[in-house]
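Summary of structural features
Here is how the chains run, residue by residue.
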Amino acid sequence: MSTYYFVIVGHNDNPIYEKEFSTVNKELRKEDHRHLSQFIAHAALDLVDEHKWKTANMQLKSIDRFNQWFVSAFIAASQIRFIIVHDNKNDEGIKNFFNEMYDTYIKHSMNSFYRINTPIKSPMFDKKAEIFGRKCLLS
């Protein structure tokens, strides 16, 4: 069983986009970890901000751990933070997912109708996140 919680965090520590990926069907899940995942991701923001000045890499890998949950991060050139809370090690898959979602985010942010730091409500963005999540994280 693998569970991933992906969030894009804006400049004001506001969530711009959220998505959960899991190998377990929602009907079979007894516990909903979304609130816990949100808490862990928010608590890791300070560590992300600390680590981004220590390295030139955009990919920060696993920067925090809370019980069985790991936190991996990616910093965009515009300082937008991509965070994944996950319960198993999958560094290569997470790296590929971050790169695909960064490319998708760049294309979405170039849309003249999108304002930076506002929630992403595009069905096409959501569909691409779902495809990349299945391809990189759950396969």
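Going by the structure above, here's the rest.
Only a predicted model underlies this, so the values are computations on that prediction, with no experimental measurement involved.

1. Here we look at helix H4 (residues 123–137)
- Its 15 residues give H4 an end-to-end C-alpha distance of 20 Å, which sits within 8% of 21 Å, the value for a rise of 1.5 Å per residue.
- Restricting attention to buried positions, one finds in H4 the residues Phe-125, Ala-129, Phe-132, Gly-133, Cys-136 and Leu-137. Projection of H4 onto a plane perpendicular to its axis shows the buried side chains occupying an angular sector of 110°, all on one side. Exposed side of H4, more than 90 degrees from the buried face: Pro-123, Met-124, Lys-127 and Lys-135 are the residues found there.
- In this structure, the buried side of H4 is in contact with strand S1 (3–9), strand S2 (15–22), strand S5 (81–86) and helix H3 (91–109).

2. Digging into unusual backbone geometry
- With a phi angle near 60°, Asp-13 is a residue other than glycine that sits in the positive phi range.
- Mapped onto the fold, Asp-13 is located in the loop between S1 and S2.
- Taking relative accessible area as the criterion, Asp-13 reaches 37% and is therefore assigned partly exposed.
- In this structure, Asn-117 is a non-glycine residue whose phi angle is positive, near 75°.
- Here Asn-117 shows up in the loop between H3 and H4.

3. Concerning the pattern of salt bridges
- For the structure on display, the rule yields 8 salt bridges.
- Across the pair Lys-52 and Asp-49 runs a salt bridge, and its minimum N-O distance is 3.6 Å. Taken as a pair, Lys-52 and Asp-49 lie in helix H2 (residues 45–52) at a separation of 3 residues, close to a single helical turn.
- Among the residues examined, Lys-52 registers a relative accessible area of 17% and is labelled buried.
- Measuring nitrogen to oxygen at the nearest pair gives 3.7 Å for the salt bridge that ties Arg-134 to Glu-130. Linking Arg-134 with Glu-130, this pair stays in helix H4, spanning 4 residues, or about one helical turn.
- Overlapping salt bridges bring together Asp-13, Asp-49, Lys-52 and Arg-81 as one network.

4. Observations regarding the packing of aromatic side chains
- The full count for this structure, using the stated rule, is 11 aromatic pairs.
- Ring plane angle 85° and centroid distance 4.9 Å describe the contact between Phe-6 and Phe-97, whose orientation is recorded as edge-to-face. In this pair, Phe-6 is assigned in strand S1 and Phe-97 in helix H3, connecting sequence segments 91 residues apart.
- Where Phe-6 meets Phe-98, the ring centres are 6.5 Å apart and the plane angle is 50°; that geometry is what we call tilted. Here Phe-98 lies in helix H3 and Phe-6 lies in strand S1, a separation of 92 residues in the sequence. Considered together, Phe-6 and Phe-98 belong to a single accessibility category, that of buried residues.
- What links up through ring pairs into an aromatic cluster is the set Phe-6, Tyr-17, Phe-21, Phe-74, Phe-82, Phe-97, Phe-98, Tyr-102, Tyr-105 and Phe-125.

Reading the values: rules and limits
Residues numbered from 1 in each chain as written. Predicted model: local features only at pLDDT ≥ 70, side-chain atom pairs only at ≥ 80, totals over all residues. Heavy atoms only, no water. Helix = DSSP H or I, 4+ residues; strand = E, 2+ residues; numbered from the N terminus. Expected span 1.5 Å × (residues − 1). Buried < 20%, exposed > 50% of the residue type's maximum accessible area, 1.4 Å probe, protein only. Arc of directions from axis to C-beta. Contact = heavy atoms within 4.5 Å. Salt bridge = Lys/Arg side-chain N within 4 Å of Asp/Glu carboxyl O. Phe/Tyr/Trp six-rings, centres within 6.5 Å; stacked < 30°, edge-to-face > 60°.

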